[in-house]
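What follows is each chain in one-letter form.
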Amino acid sequence: MNCTATAPCDLDGAQAKARRLVSTGAAVTVELLDGRYELSETLRYTAEDSGTAEHPVVWRAADPGKVVISGGTRVTRWTEHDDKRGIWVADVPAGSRSRQLYVDGAWAPVAQAEAGELGFPPSWTGTSTGYEVTHDASRKWLDALSPEDAGKVEFVYTGKTGPWTQSRCLVDSVAPKEGRTTVTMLDTCWNGMTKRPPRAPIESGGLPNMSTSTVPTRVENHYSLLSTGEWFLDSDAGKLYYAPKAGADMKTLDVTLPRLERLMTVGGTLAEPVHDLVFEGLQFSYATWLGPSRTGLAEVQSNLHITGAPNQGKCAVTTPAGSCPYGALSQPLGNVDVTASRDIRFAGNTFRALGGAGLSVRYGATGTVIEGNHITDTSATGVYLGCTYDPQPWDAGTHSGIKQHCTPDAAAVAGDTIGTNEIVKDTRVSNNVIHAVGRDYKAAPGVTILFGQDLRMDHNEVFDTPYTGITAGIVQGHSTDADNPGNNPNVNARNVISDNLIYNYMQELRDGGAIYVEGHQAQYTEKADGTLDIAATRANGFRASGNVAFNDRPDTNFTYYDDAGSQFITWDGNVAFKTAGASQGGCSPAGYLWTENNYLSGRVGRYPCPPDPLAVVTGNNTEIPGSPTLADVPEAKFAAAGLDRAHRALSRSGPLELRYESPRSADGTRLLAVSGLTDHTRIYAGRTLLEQRRINSTFVEVAVPDAVASHPVSVGRPADPHRWTRVNETDPSTTSSGWSLSSGRGLGDFHDDLLYAKENASTVSFRFTGSRVRVYGETNADQGELAITVDGGNAVTVDTRSPSRRSNAVVYETSRLGDGEHAVTITKVSGTYGTFDGYEYLDRW
């Protein structure tokens, strides 16, 4: 077996040859030639693949970025199936199962409809197993389901098991009867959503139960729901259906259906770990995660969910007791998984188009380095560190659960003796760009830290997340507070989150922050007299420093969030601006909290839930404007956050978009934040090219001459000579009656959301200051007429019906109005439903 550039071998052959060379003590580098490597099974690296500290085994792309490790199958030979609806079909192997589809490398939404589109009412009659439905419009759709199709339909419940969650549950069966329809839900997830034990007295925060009468917010995975850009897989028949977007050519689209759940595992045993391996310049793509199809997703927090009894993870807190340790919930599968290892390095790779978490590091992984990677388009969280079952590995009663739930193969580690060797240690997540996570499971943080020691997360850019940016210690704090600070100890110690740039987080769900922390974050140290040594314990604790956060949504509670049970946390030298709510605080933290030397636009030290936290220290913080300039925050704060200079080029992996613009300073400069920024990005005021000075990977200072001071700033190309400003429907300028928000549709809506109304006479209104306005919405066959009035004048009726769906479309535009403030009201007149996707107003310059 040659395995050379002129006589290459496949991955299996390369691994076999590398193992033979390693056994001779040779330095080994495996160079992968350009192309897409379609896996038939998971790549598995074990102790046999290990290198040495002096000569790690390196697996790298010959041309970085042009090697794709794929767990999917390209789908070809499409034929038109329904020309009226624009649906195409292709054959796939019978029994194919996937919860994701990727078109030209991008995530595509499964066939779906909002509850209002199907005529569902606000509530149904709930039962212990599902629903008894008597509502005629609901029954019409439900009764049309065949027995085979009914068991594939999935109900989605956004915000119904807590505003920070998006639970989902498969229908088990639908049984039409005289005058009613019985809907039986998959029992595991239904019980996990509706039968959670009541909050125990010792718990500082309960887990909300969903009422059985709750109607889903969305329905997914049925052929009848297919709309433009969506897909449906008929596994039994071996048929894949897809409705391409307008103008797409099915002959040229690259459509990939994932087959594998895990692309790669790196893991040995605690006694014989895999070690000294490097992966460079590779792309890991096209994997799924089938867990929600087996057990549903009865979500608790940050994609952690219940797959067993409703009191899973409650340990002895409830009666009867649940599984232990406290908070032992199920977590998403990592499509690339690292366990029982030492000194594994991922550098310059891409993790994208993945149906679970992009990368998980668990069970005895030590010295893992995740540096300079691009992580995006994951269905769950981007990176997981630790495992929900291992906060207390010193407890022998947890060892079976740790092996079962914290490793990819419990049988392979059956002989392991667990102790402190199981703790995830010395992991560094540094200089990565992490964005657009949570494509399917919206409660996904960019990074989730569960339990570990000496974990360092620094100089990353995390943005465009539907929920929290970075979370640490989740769920483990809910039975710990100032009255019970010693409950639920864990292994956490000396974990640091520093110099990260976090923005446009909390874009879809509620009650989270830029950095969200719960539970114990230090190992207690006692003095000689047995009392707690606060200074020494603090040195063992959690530190967040030098982070810069901005651009959350109006219902974000805290930017830097020390929530239930949080203790021994230092917030030092961070920045927060253009945010809602308080800049720092939480609900029932245990205490020992230091908030010093920060630059914050919001309130500090807000703790609204009893009991009051212990030992809170707040001092030397600087209050800054909501939209600061460099005169308000030291430039060094912006310069140090985000990618360091050696990794600055990675910033180009984000979409080019202006994210923040400060007021013009006295010296004529503005501070901008631009995702996708490079050294060659052109920035304009109107049509004038601006001089610029790059401060870090995302922040740049521009000089704006007096003559164009009022002109709009744009990136990439000059602005239109008329200043059009786009405003999303979620902006505070908008009010509505009878309209509901639909998020995460994946159909090209502005900010991926819009308002919709089912009932005629529903109204939405907004106010703007300018001279013209455009109203945006969606046109489709099932829409109708809207009546639009401006400044209380005569209504203009517009018809939004069209043969096919057009998203983010202008449905109405005024002629020139008088300069000043104007009021617009939109009333639904006819059709199945109306939509409103925000507006755009003109301010001439």
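For the structure itself, consult the block above.
Let me sum up the structure you'll find in this document. (Residues numbered from 1 in each chain as written. Predicted model: local features only at pLDDT ≥ 70, side-chain atom pairs only at ≥ 80, totals over all residues. Heavy atoms only, no water.)

What follows concerns the overall build of the protein. Across its full length, the protein carries 8 helices and 72 strands. Taken over the C-alpha trace, the protein has a radius of gyration of 27 Å; the compact-globule value for 845 residues is 28 Å, and the two agree within 12%. Its C-alpha atoms give the protein principal-axis dimensions of roughly 80 × 70 × 70 Å. A total of 845 residues make up the protein; the buried ones form 60% of that total. Considering only residue pairs separated by 6 or more positions, the protein has 75% of its internal contacts joining residues 24 or more positions apart. For the protein, the separation between the mean place of its 75 positive charges and that of its 98 negative charges on side chains is 3 Å. (Helix = DSSP H or I, 4+ residues; strand = E, 2+ residues; numbered from the N terminus. Rg over C-alpha atoms; globule rule 2.2 N^0.38 Å. Buried < 20%, exposed > 50% of the residue type's maximum accessible area, 1.4 Å probe, protein only. Contact = heavy atoms within 4.5 Å. Lys, Arg positive; Asp, Glu negative; His and termini not counted. Charge placed at Lys NZ, Arg CZ, Asp CG, Glu CD.)

What follows is about the layout of surface pockets. Considering only enclosed or pocket space, the second largest pocket measures out at about 970 Å³ in volume. Considering the residues around the second largest pocket, the lining is formed by 38 residues, among which K160, T217, S740, L741 and Y756 are closest to the centre. Of all the elements in the fold, those that place two or more residues in the lining of the second largest pocket are β63 (739–743) and β64 (753–757). If one sorts the elements of the lining of the second largest pocket by residue count, β63 sits on top with 4 residues. Along the lines of polarity and charge, the residues of the lining of the second largest pocket split into 13 nonpolar, 15 polar and 10 charged. (1 Å grid on protein atoms, 1.4 Å probe; cavity = no way out; pocket = protein on both sides within 12 Å on 5 of 7 lines; lining within 4 Å. Points joined across faces, edges and corners; volume = space filled by probe spheres on them. Nonpolar A, V, L, I, M, F, W, Y, C, P; charged D, E, K, R; others polar.)

Here we come to the sheet that holds strand β45 (residues 558–562). An order of β3-β21-β26-β29-β33-β36-β39-β42-β45-β48-β51 is seen for the 11 strands of this open sheet, with the pairing classed as parallel. Since the sheet does not close on itself, it has two edges, and those belong to β3 (43–45) and β51 (606–609), each with one partner. In this sheet, adjacent strand axes meet at a mean angle of 15° when their direction is disregarded. As judged from the 4 bridges shared by strand β21 (residues 264–267) and strand β26 (residues 334–339), these two strands associate in the parallel manner. (Pairing = 2+ DSSP bridges. Axes fitted to C-alpha atoms, helices over the stretch in contact; angles between N-to-C directions.)

Glancing now at the pattern of salt bridges. Within this structure, the stated rule accounts for 43 salt bridges. A salt bridge links E220 to R168, with the shortest nitrogen-to-oxygen separation between them at 2.9 Å. Placement of E220 in strand β17 (residues 218–220) and of R168 in strand β15 (residues 166–177) is noted, with a sequence separation of 52 residues between them. Taken as a pair, E220 and R168 share a single burial class, namely buried. Ionic pairing is found between D706 and R664, a salt bridge with its closest N-O pair at 2.4 Å. You can see D706 sitting in the loop between β59 (699–703) and β60 (713–715) and its partner R664 sitting in the loop between β54 (657–661) and β55 (669–675), a full 42 residues away along the chain. Overall, D706 belongs to the exposed group, its relative accessible area being 64%. The exposure class of R664 is partly exposed, given its relative accessible area of 30%. Overlapping salt bridges bring together R99, E154, R168, R218 and E220 as one network. (Salt bridge = Lys/Arg side-chain N within 4 Å of Asp/Glu carboxyl O.)

Attention now goes to helix α2 (residues 136–143). Residues of α2 that are buried: S138, R139, W141 and L142. Within α2, the buried residues cover an arc of 165° as seen down the axis, which keeps them to one side. Away from its buried face, by an angle of more than 90 degrees, α2 presents the exposed residues D136 and K140. Along its buried surface, α2 packs onto β13 (130–133), β14 (154–158), β15, β16 (180–185) and β17. (Arc of directions from axis to C-beta.)

On inspection of all chains with the given rule, the structure shows 7 cavities of 30 Å³ or more. In this structure, the largest cavity encloses a volume near 70 Å³. As for the largest cavity, its lining consists of W107, V110, Q112, R168, R218, E220, R439, D440, K442 and G744. Of the residues contributing to the lining of the largest cavity, the split by class is 2 nonpolar, 2 polar and 6 charged.

What follows covers the sheet that holds strand β6 (residues 72–75). Across the sheet, which stays open at both edges, the 4 strands sit in the order β6-β20-β9-β10 with antiparallel pairing between neighbours. Lying at the two open borders of the sheet, with one neighbouring strand each, are β6 and β10 (106–108). Strand-to-strand twist of the sheet, defined as the mean angle between neighbouring strand axes without regard to direction, takes the value 35°. Where β6 meets strand β20 (residues 255–258), 4 bridges bridge the pair, whose relative direction is antiparallel. Looking at β20, one finds that T73 is bridged to L257.

Each aromatic ring pair is characterised by the separation of its centres together with the angle its planes make. Under the definition given, this model contains 37 aromatic pairs. Between Y223 and Y241, the ring centres sit 5.1 Å apart and the planes meet at 70°, which makes this aromatic pair edge-to-face. With Y223 in the loop between β17 and β18 (231–234) and Y241 in strand β19 (residues 239–242), the pair connects residues that are 18 residues apart, well separated along the chain. For the cation-ring pair, K442 lies above W107, with the distance from its terminal atom to the ring centre recorded as 5.9 Å. (Phe/Tyr/Trp six-rings, centres within 6.5 Å; stacked < 30°, edge-to-face > 60°. Lys NZ or Arg CZ within 6 Å of the ring centre and 35° of its normal.)

Attention now moves to unusual backbone geometry. Here the residue pair C324 and P325 is connected by a cis peptide bond, since its omega of 0° sits within 30 degrees of zero. Mapped onto the fold, P325 is located in the loop between β25 (304–306) and β26. Cis geometry marks the peptide bond from P610 to P611, where omega comes out at -5°. The topology assignment puts P611 in the loop between β51 and β52 (614–619). Its identity as a non-glycine residue notwithstanding, Y592 has a phi of 60°, on the positive side. Structurally, Y592 is set in strand β49 (residues 591–596).

Our focus in this paragraph is the nonpolar core. Ranked by internal contacts, the top residues of the largest apolar core, which has 70 residues, are W59, M264, V266, L277, F279, F346 and I515. Setting aside its immediate chain neighbours within four residues, M264 contacts T42, L43, Y45, F279, F284, N335, V336, D337 and F346. Judged by nonpolar contacts, the second largest core, of 53 residues, contains W141, M193, L304 and F451. (Core = buried A, V, L, I, M, F, W, Y, C linked by side-chain atoms within 4.5 Å.)

This brings us to the state of the cysteines. Under the defined criterion, the tally for this structure stands at 5 disulfides. The disulfide bridge from C315 ends at C324, spanning 2.0 Å between sulfur atoms. Across the S-S bond of C315 and C324 the torsion is about 90°, and the bridge reads as right-handed. Accessibility expressed as a relative area gives 40% for C324, which makes it partly exposed. Here C587 connects covalently by a disulfide to C609, the sulfurs 1.8 Å from one another. Its torsion about the S-S bond being -105°, the disulfide of C587 and C609 is classed as left-handed. (Disulfide = S-S within 2.5 Å.)

These figures come from the coordinates and say nothing about function on their own.
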